[in-house]
Amino acid sequence: MQPNALDHFIESAREGWDGLTTSNVTRLRRLLQDLAKTSAEEPWLAQIHADRPDMVELYTDPEHGFRLLAHTEPRGLYRAPHDHGFGWVLYALQHGALEMSTYQSITDKRGGTRLVSRGCDTLNPGDCRVFLPGDIHDTKCVSDYIVQFRLTSSDFKLEKKEGRMIQYVDQGSMA
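Okay, so let's go over this structure. Since the model is a prediction, treat every value here as computed from it, not as a measurement.

Some thoughts on the sheet that holds strand 6 (residues 113-123)
Ordered in space as 3-8-5-6, the four strands form an open sheet in which the pairing is antiparallel. A strand with exactly one partner marks an edge of an open sheet, and here the two such strands are strand 3 (78-82) and strand 6. For this sheet the average axis-to-axis angle between neighbouring strands, irrespective of direction, equals 15°. Summarising the sheet, strand 3 and strand 8 (residues 136-141) pair through three bridges and their orientation is antiparallel. When the sheet's bridge partners are listed, Tyr78 is paired in strand 8 with Lys140.

Below, the structure is given as structure tokens:
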């Protein structure tokens with residue numbers, strides 16, 4: 001029996017895992033883009049489209065600690081600018097359209113800090129974005145709903161709990 005797209009992704013991600021390296025990020029990005037092209041008729045993905053859960057854990061690797069999550073979001077849901085502390089993440093859109101802006105934290109001559117936007121891109125199905133430690137971004141669902149795969153280097157709850165993950169109140173100040 002041929003493995004489904006999810007099983008193939010998990011096996012391929014595990015077998016070549018070497019942490020935060022250019023080769024691993026490039027390889028994982030390609031694998032995640034392929035996963036995002038999966039037919040919504042595969043039973044595991046059909047269930048996500050039918051139920052539209054906020055988040056479902058598809059896989060957590062017991063050896064390397066990376067996690068593959070699926071998220072669904074309704075039109076208009078906005079997630080304010082944030083980073084992922086020491087963690088890194090790849091986002092791949094499977095269904096819908098998602099706006100993502102990226103930012104840099106800038107300190108002026110007087111010591112004031114603010115976010116400056118690098119611009120906004122709209123992700124469409126099959127698109128994948130990589131955010132390395134310290135990268136800042138926001139997201140906004142601009143279609144009826146999205147299905148997004150999120151591959152994280154670790155469980156980000158720890159990054160948040162230990163104060164490394166920064167969430168910004170708005171584009172001008174830090175939370």
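What follows picks up the thread again.
Concerning the nonpolar core
Core analysis: the biggest nonpolar cluster contains 27 residues, and Phe9, Leu32, Leu68 and Phe149 have the highest contact counts within it. Secondary-structure elements contributing two or more residues to this core are helix 1 (5-15), helix 2 (22-36), helix 3 (43-51), strand 1 (55-60), strand 2 (67-74), strand 4 (89-95) and strand 9 (145-152). If you tally residues by element for this core, the top one is helix 2, at six residues. Leu93, Leu98, Met100 and Phe156 belong to the second-largest nonpolar core, a separate cluster that totals ten residues.

With respect to unusual backbone geometry
Of all residues except glycine, most have a negative phi; of all peptide bonds, most are trans. Even without being glycine, Arg52 reaches a positive phi, approximately 50°. Position of Arg52 among the secondary structure elements: in the loop between helix 3 and strand 1.

Some points on the pattern of salt bridges
As enumerated under the stated definition, the model contains seven salt bridges in all. For the salt bridge of Asp61 with Arg14, the shortest nitrogen-to-oxygen distance reads 2.1 Å. Of the two residues, Asp61 sits in the loop between strand 1 and strand 2 while Arg14 sits in helix 1, which places them 47 residues apart along the sequence. Residue Arg14 is classed as partly exposed on the basis of its relative accessible area, which comes to 30%. Arg14 serves as the salt-bridge partner of Glu63, at 3.5 Å between the closest nitrogen and oxygen. Here the residue Glu63 occupies a position in the loop between strand 1 and strand 2, and Arg14 occupies one in helix 1, the gap between them amounting to 49 residues. Each of the salt bridges in this network shares a partner with another, and the network as a whole consists of Arg14, Asp61 and Glu63.

Regarding the packing of aromatic side chains
Tallied over the full model, the rule gives five aromatic pairs. Taken together, a centroid distance of 5.6 Å and an interplanar angle of 15° make the contact between Trp17 and Trp88 stacked. Taken together, the residues span a long stretch of sequence, with Trp17 in the loop between helix 1 and helix 2 and Trp88 in the loop between strand 3 and strand 4 at a distance of 71 residues. Across the pair, exposure class does not vary: Trp17 and Trp88 are buried alike. Measuring from centroid to centroid gives 5.9 Å for Tyr59 and Phe66, while their planes differ by 50°, and the two rings are tilted.

Calculation rules
- The residue numbering used here restarts from 1 in each chain and proceeds along that chain's sequence as written.
- The predicted nature of this model means local features are confined to residues of pLDDT at least 70 and side-chain atom pairs, given and counted, to a pLDDT of 80 or more, with totals for whole chains, interfaces and linings taken over all residues.
- The basis for the side-chain values is all heavy atoms of the structure; hydrogens and waters are excluded.
- At least two DSSP bridges between two strands are required for those strands to pair.
- Under the scheme used here, helices are H or I runs from DSSP no shorter than 4 residues and strands are E runs no shorter than 2 residues, and both carry numbers assigned from the N terminus.
- To define axes, lines are fitted to C-alpha atoms, for helices over the stretch in contact only, and angles between the resulting N-to-C directions are given on a 0 to 180 degree scale.
- In this text, buried Ala, Val, Leu, Ile, Met, Phe, Trp, Tyr and Cys residues form a nonpolar core when linked through side-chain atoms within 4.5 Å.
- To sort residues, take the accessible area from a 1.4 Å probe on protein chains only and compare it with the maximum for the residue type: under 20% means buried, over 50% means exposed, and anything in between is partly exposed.
- A pairing counts as a salt bridge when a side-chain nitrogen of Lys or Arg comes within 4 Å of a carboxyl oxygen of Asp or Glu.
- Working definition: a ring pair exists when centres of Phe, Tyr or Trp rings (six-membered ring for Trp) sit within 6.5 Å. Plane angles under 30 degrees give stacked, over 60 give edge-to-face, the rest tilted.

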